[in-house]
Structure formats: structure tokens, C-alpha cells
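# Observations on the three-dimensional arrangement
Given next are the chains, with one letter for each unit.
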Amino acid sequence: YGDHRDLHRLIRRQRQMCIRDSIVTTAELTVDELERLGSKSGIVLSSALPNMITGRVLMVELRTRDRQGRNRQQIALTIEILEPKEYEGRTTVTTVPKSGWVELARFMKENGLQKLTDFEDQIIIFEKRQVGRAVIPRYMPVKLIKPSKQ
């Protein structure tokens, strides 16, 4: 009985430290972008979505988290879902760990994207797949549908 509570407290403290030590860096958002993000009908977890989605990238973030004394970086893409239709207008967030950055860079080069913020406003087909050692499948861009006007 006492051992279980002690373990629970330790895990809880570690989780609280991870949350406290998280740093999120984001591009500046305009008032229009804030309104658009805030007016969506909710975020859908990627686990509830099919293997392929089409969406408009609303925001790109480089996230750094301190986990057990080691900085872990990942790229987070906030996506407004356009297809499948039953999820249209809702948003999801996919994260790309460092093990997927080479694949992401290859996609960027093939499509003329020079920096991460160039993803914003692009309409892209994403496919859910395993990335590196990540346990949870991530959405990775596979085809640029409609380039934004840059």
C-alpha cells in the first residue's frame, strides 16, 4: 500500500518536472491566425484518424523538452483537416522527432520549401507511419497538393 503511493508520487513529480521544463518556440501568430485556430471545432487525436489525411498546415513549432537531463527536440505541425470529410475543419497536431528530420528535409527540398515556416498554409497529403524509434505513428508529409503563394 505505502510502496504504491510512493511510486505514484515519484512518477507524478517526474511528469510535473517534464511539463515545467518544456519550452515551445513558435512563429509569431497574427490576429487572423489566432481567430482561425480558436474557432475550430476541436482537436482530433491522430490515433482517431485514418492512415491518410489531407490538410492545411496552420502552424509549425520547434519544441524542446528536458527529459531526464537530456534536451529532446521535435517539430510540431498543427494541421487543419480537409479530408476525410467527416473531420473537415477540425485540427490535429503531429510531431516529428529528430529521427524523422532527414525525411522531412527531403520532402522540403523536393517541394522547394526553404525553412520550416514555409510549411504554413501549404495543402499536403499526410501519411501515418512509424518514424525512427518512436512508438507512436506520426503523420509525415507525402505530397504537396497546392503550394501557397509565397
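If you're wondering where the values come from, they're calculated on a predicted model, not measured in any experiment. (Residues numbered from 1 in each chain as written. Predicted model: local features only at pLDDT ≥ 70, side-chain atom pairs only at ≥ 80, totals over all residues. Heavy atoms only, no water.)

### What to know about the overall build of the protein
- In terms of helices and strands, the protein carries 3 helices and 6 strands.
- Taken from N to C terminus, the helices and strands of the protein fall in the order α-β-α-β-β-β-α-β-β.
- Put simply, the protein has 150 residues, and 35% of those count as buried.
- Considering only contacts in the protein between residues 6 or more positions apart, those separated by 24 or more positions represent 57%. (Helix = DSSP H or I, 4+ residues; strand = E, 2+ residues; numbered from the N terminus. Buried < 20%, exposed > 50% of the residue type's maximum accessible area, 1.4 Å probe, protein only. Contact = heavy atoms within 4.5 Å.)

### What to know about helix α3 (residues 101-110)
- Turning to α3, its buried residues are Leu-104, Phe-107 and Met-108. Buried residues along α3 cover an arc of 100 degrees about the axis, so they all sit on one side. Set apart from the buried face of α3 by more than 90 degrees, the exposed residues are Val-102, Lys-109 and Glu-110.
- Two residues or fewer after α3 comes Gly-112, characterised by a positive phi angle close to 70 degrees. (Arc of directions from axis to C-beta.)

### Some points on the pattern of salt bridges
- The full count for this structure, using the stated rule, is 6 salt bridges.
- The salt bridge partner of Glu-61 is Arg-63, with a shortest N-O separation of 2.9 Å. Arg-63 carries the same exposure label as Glu-61, and that label is buried.
- For Arg-129, the salt bridge identified is with Glu-103, shortest N-O distance 2.1 Å. On the criterion of sequence distance, the pair formed by Arg-129 in strand β5 (residues 123-129) and Glu-103 in helix α3 is long-range, its members being 26 residues apart.
- Using a relative accessible area of 25% as the deciding quantity, one classes Arg-129 as partly exposed. (Salt bridge = Lys/Arg side-chain N within 4 Å of Asp/Glu carboxyl O.)

### Description of the side chain of Thr-94
- Checked against the element boundaries, Thr-94 lands in strand β4 (residues 91-97).
- Overall, Thr-94 belongs to the buried group, its relative accessible area being 3%.
- Engagement of the side chain of Thr-94 in a polar contact is seen with the backbone nitrogen of Tyr-139, the distance being 3.0 Å.
- Dropping the residues within four chain positions of it, Thr-94 is found in contact with Ile-75, Ala-76, Leu-77, Ile-79, Arg-138 and Tyr-139. (Polar contact = N/O pair within 3.5 Å; in protein donor to acceptor, adjacent residues only side chain to side chain.)

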